[in-house]
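Architecture at a glance
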Amino acid sequence: MLTTPVALVVFRRPDHTRRVLEAIRRARPKTLLIIADGPSAERPAEAAQCAAARAVVDELVDWDCQLLKNYSDVNLGVEQRFSTGFDWLFEQCEEAIILEDDELPNDSFFSFCHEMLDRYRHDDRVMAINGTNHLLGSYAPPESYYFSKYFHCWGIATWRRFWKLYDVKIRRWPELRETRWLLDLSDGNAAEAAYHQRNFDRLLRGEVQTWDYQVSFALWAHGGLAITPAVNLVSNIGFGEGALHCQSADNPFANAPTSELIPPLSHPPTVSRDTEADRVEYERVIGDWLRSQNPEKQSFLRRAWAKLRQP
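Residues numbered from 1 in each chain as written. Predicted model: local features only at pLDDT ≥ 70, side-chain atom pairs only at ≥ 80, totals over all residues. Heavy atoms only, no water.

What follows is about the overall build of the chain. Tallying secondary structure elements over the chain gives eleven helices and ten strands in all. Taking 19 Å as the expected radius of gyration for a compact globule of 311 residues, we find that the chain reaches 19 Å, a close match to that expectation. With respect to the principal axes defined by its C-alpha atoms, the chain has extents near 60 × 50 × 35 Å. Buried positions account for 56% of the 311 residues belonging to the chain. In the chain, of all internal contacts separated by at least 6 residues, the share reaching a separation of at least 24 is 81%. (Helix = DSSP H or I, 4+ residues; strand = E, 2+ residues; numbered from the N terminus. Rg over C-alpha atoms; globule rule 2.2 N^0.38 Å. Buried < 20%, exposed > 50% of the residue type's maximum accessible area, 1.4 Å probe, protein only. Contact = heavy atoms within 4.5 Å.)

The next thing to look at is the sheet that holds strand β9 (residues 225–229). Spatially, β3-β2-β1-β4-β8-β6-β9-β7 is the arrangement adopted by the eight strands of the open sheet, whose pairing is mixed. Lying at the two open borders of the sheet, with one neighbouring strand each, are β3 (66–71) and β7 (145–148). Averaged over neighbouring strand pairs, the angle between their axes works out to 25° when direction is ignored. Pairing analysis gives four bridges linking strand β4 (residues 95–100) to strand β8 (residues 156–159), with the strands arranged antiparallel. Bridged to E95 within β8 is W159. On top of the sheet, helix α3 (residues 77–92) reaches β1 (6–10), β2 (31–36), β3, β4 and β8; it is set at about 160° to β2, its chief contact. Sheet contacts for helix α4 (residues 108–119): β1, β4, β6 (126–130), β7, β8 and β9; angle to β4, the most-contacted strand, approximately 150°. (Pairing = 2+ DSSP bridges. Axes fitted to C-alpha atoms, helices over the stretch in contact; angles between N-to-C directions.)

Structure, rendered in C-alpha cells:
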C-alpha cells in the first residue's frame with residue numbers, strides 16, 4: 001500500500017477517469033483525494049458527464065483508504081478549480097502525488113514520486129517532481145532522473161512548501177518583465193525568453209485560462225528545480241475531442257509510450273540543472289512549436305526577440 005497521498009482531478013470524462021483510477025487502484029494509496037469541477041450551465045450535457053465521472057470514483061475506490069472529496073457544484077474553470085482545489089489539497093497533506101483524469105501513469109510512477117518526495121523533502125532547491133519526460137529517447141541522462149528548469153504538468157508530485165509560493169495571478173510578473181530575468185533564465189536564448197514572455201503576458205491579460213504557467217512562474221521566480229525521470233512515466237490520453245486545451249490528436253506527445261523505471265534508482269551526484277537535457281527539450285518542444293507558427297506570429301516573435309537582445 002502506498003503511504004504517499006494521491007490526488008486525482010476529474011471533470012467530465014468518465015472513460016478516462018476509469019483508466020487512470022484503475023492505475024491508482026493498483027497502487028492502493030492510504031489516502032486518496034478527489035478534486036472535481038462542476039458542470040457549466042451553458043453546456044447542458046456536462047451535468048450527466050460530471051456525474052458519470054464521479055460515479056466511477058464511487059465504484060472503483062474499493063480498498064481500505066481515507067477518501068476525501070472536494071467537489072464543486074458549479075463550473076469554476078481550469079484556473080480557479082485547480083487553484084482552489086490544490087489549496088484544499090495542501091491543507092490536508094504536506095505532500096502529494098497528483099494526476100488529472102487524462103494522465104495515465106505506469107506503476108513505477110508512484111514509487112518514483114514516493115522516493116523523490118522522501119529524498120528531497122527538506123531540500124528547498126527542489127520544488128516539483130515531473131512524471132513526464134518529453135525527450136522520448138532524444139537524450140539519455142546518466143542517472144535515473146535529472147534536475148531541470150522545466151515543469152511538466154502531466155503527472156506531478158510536490159510539497160506544501162512549494163504550493164505556498166504559488167500565485168495564480170503572477171503578481172510579480174510586471175516587475176520582472178522589465179528586467180533580464182527571463183533572458184537569463186533562458187541561458188541567453190532570446191527566442192525562448194520571448195516565448196515565455198508572451199505566455200505570461202497573455203495569462204496576465206486573461207487571454208488564457210490555465211494553472212501550469214503559474215507553477216512554472218513560481219518555480220523560476222524562486223530559483224527552483226524540477227525532477228524529471230530518465231524515462232517517460234505518464235502518458236497523456238486526453239488529446240482530441242473533449243479536451244480543454246489539447247484538441248489535436250496529431251500532437252507528437254499524445255498517448256506517448258511509457259517505460260518502467262526499475263529500482264534501485266541511481267541519483268545525480270549534485271543538485272544542479274542538466275543544461276544539456278534542457279537544451280534538447282527546448283528544441284523538441286518549444287523550438288518545434290515556434291518553427292511551426294504562422295507568419296503573423298513569427299513576425300511578432302522576431303520583434304520580441306530583437307527587443308530582448310538589446311542591452
